[in-house]
Amino acid sequence: MTEKASPAAPSAEGPAPASRRVLIADDDAVSRKIVATLLAPLGYRLRFASTGEETLAVASEEPPDLILLDVVMPGLDGFEVCRRLRERMRGDYIPIVLITALDGRHEVLQGLEAGADDFLHKPVHGAELRARVSNLLKVRAYHQMLATQRDSALATVDMLRQQVVHADRLATLGTFAASVSHELNNIAQVMRSALEPAAPDDAGEEDLSERDILTHVSGHVTELSRTLLNLARPAEGPQPEAELGRTLEEVRHMLRLTGRIHHVRVSLVLPETACVIRANPVHAQQVFLNLLGNAADAVTDTREPLIEAGVRALPGGRIEAWVRDNGPGMSEAVLARIFEPFFTTKPPGYGTGLGLPVVKQLVESWGGHLHVHSHPGSGTRMVLDLPAAQAPSPLNSSP
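These notes cover the structure that comes with them. (Residues numbered from 1 in each chain as written. Predicted model: local features only at pLDDT ≥ 70, side-chain atom pairs only at ≥ 80, totals over all residues. Heavy atoms only, no water.)

### Here's the deal with the packing of aromatic side chains
Taken as a whole and judged by the stated rule, the model has zero aromatic pairs. Taking NZ or CZ as reference, Lys-360 lies 5.8 Å from the ring centre of Phe-339, over its face. (Phe/Tyr/Trp six-rings, centres within 6.5 Å; stacked < 30°, edge-to-face > 60°. Lys NZ or Arg CZ within 6 Å of the ring centre and 35° of its normal.)

In structure tokens:
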């Protein structure tokens, strides 16, 4: 049963916001009217219910800001109604005040266990009722403010994460642009040598035909262009899939084209079955470009430098990928900070400090985990534990 809301009336402290909703649940019409009259000076919007079931229905239809709930009602009593309301409204704090003629410690404990915030005993005293309702509404307003600030903070964190990912992509693209510029200069020299007349001293040497040289140059430039396009192309449409074995091969080829791994032997351990994850292939390339690039930098001064990268299917629909180097390893102090944005051990101008934080964010956005195993003098192993997009299937061996 729903009764007409009481008209708002000013109080000594000024009118309360008319938007504040108070639900009065009591099977006795006289008790409902008394409580409504006592609250009338505060100007709240009042709604009413006469049974436990009706209380639940009214609260679901229009969630109140506070509930004054009688304990003894036909059907569901106040304790059970309180328990059910707390179950339904876990994400929203709504104060519940139990009003009862019972006056025993057991009933108070039972009400607190059910989720009640406060108790009032019949007959209700007007000043006490208004003070407790006013204070609990302030508590609810505080909870609402915190929830709004939390949602705003989460939105800000997500925006900053996207900016960090974008910044790292730009940094990666800038690094590749410099390397590609150097490579194009080398190719231009090859092209000029094909177009210039042969020097007299070279007359006796076996030369490649101009067609062979230009074909080589064309293929090289095409691969460089494809590398840049793969890095710069934005994600579109639904979540795509990336095959990690193919991704590793592509990344190794990119790094070879730019000369990033010319000083190190890179060994790939590729799976016999396709290891597919739900991820943008460009982001998958970005992850391995960072990991392999860091490994290449780590072994610069290592005798017989070696990098091993691999992918394998695990039981339970998981995929493991790793990048291991035989570099100097990392101390505990460095390990504790490697995922901090802008932290880097590289000289100025050689690292942004964004690579590993972005790698971690991307891996976790795929539902995976990134583990780091490193000790001084024993190299570093970065391990990705990822959910597979589908059951592994045999790779097509045909060209």
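### Brief notes about the pattern of salt bridges
Tallied over the entire structure, the rule returns 21 salt bridges. For the salt bridge of Lys-122 with Asp-70, the shortest nitrogen-to-oxygen distance reads 3.4 Å. Of the two residues, Lys-122 sits in the loop between β5 (118–121) and α5 (126–195) while Asp-70 sits in strand β3 (residues 66–70), which places them 52 residues apart along the sequence. Here Lys-122 falls in the partly exposed class, since its relative accessible area comes to 30%. Assessed through its relative accessible area of 5%, Asp-70 is described here as buried. A salt bridge links Asp-92 to Arg-140; its shortest N-O distance comes to 3.0 Å. Taken together, the residues span a long stretch of sequence, with Asp-92 in the loop between α3 (78–88) and β4 (96–100) and Arg-140 in helix α5 at a distance of 48 residues. According to the relative accessible area criterion, Asp-92 is partly exposed, its value standing at 31%. (Salt bridge = Lys/Arg side-chain N within 4 Å of Asp/Glu carboxyl O. Helix = DSSP H or I, 4+ residues; strand = E, 2+ residues; numbered from the N terminus. Buried < 20%, exposed > 50% of the residue type's maximum accessible area, 1.4 Å probe, protein only.)

### Some thoughts on the sheet that holds strand β10 (residues 306–314)
Ordered by their spatial adjacency, five strands build an open sheet running β7-β10-β11-β13-β12, and the pairing between neighbours is mixed. Strands with a single pairing partner mark the edges of an open sheet, and in this sheet they are β7 (265–269) and β12 (369–374). Between one strand axis and the next, the sheet turns by 10 degrees as a mean value, whatever way the strands run. Note: β10 against strand β11 (residues 318–325), eight bridges, orientation antiparallel. Its bridge partner being in β11, Leu-314 is matched across the sheet by Arg-318. Against the sheet, helix α8 (residues 281–298) engages β10, β11 and β13 (380–387), with an angle of about 25 degrees to β11. (Pairing = 2+ DSSP bridges. Axes fitted to C-alpha atoms, helices over the stretch in contact; angles between N-to-C directions. Contact = heavy atoms within 4.5 Å.)

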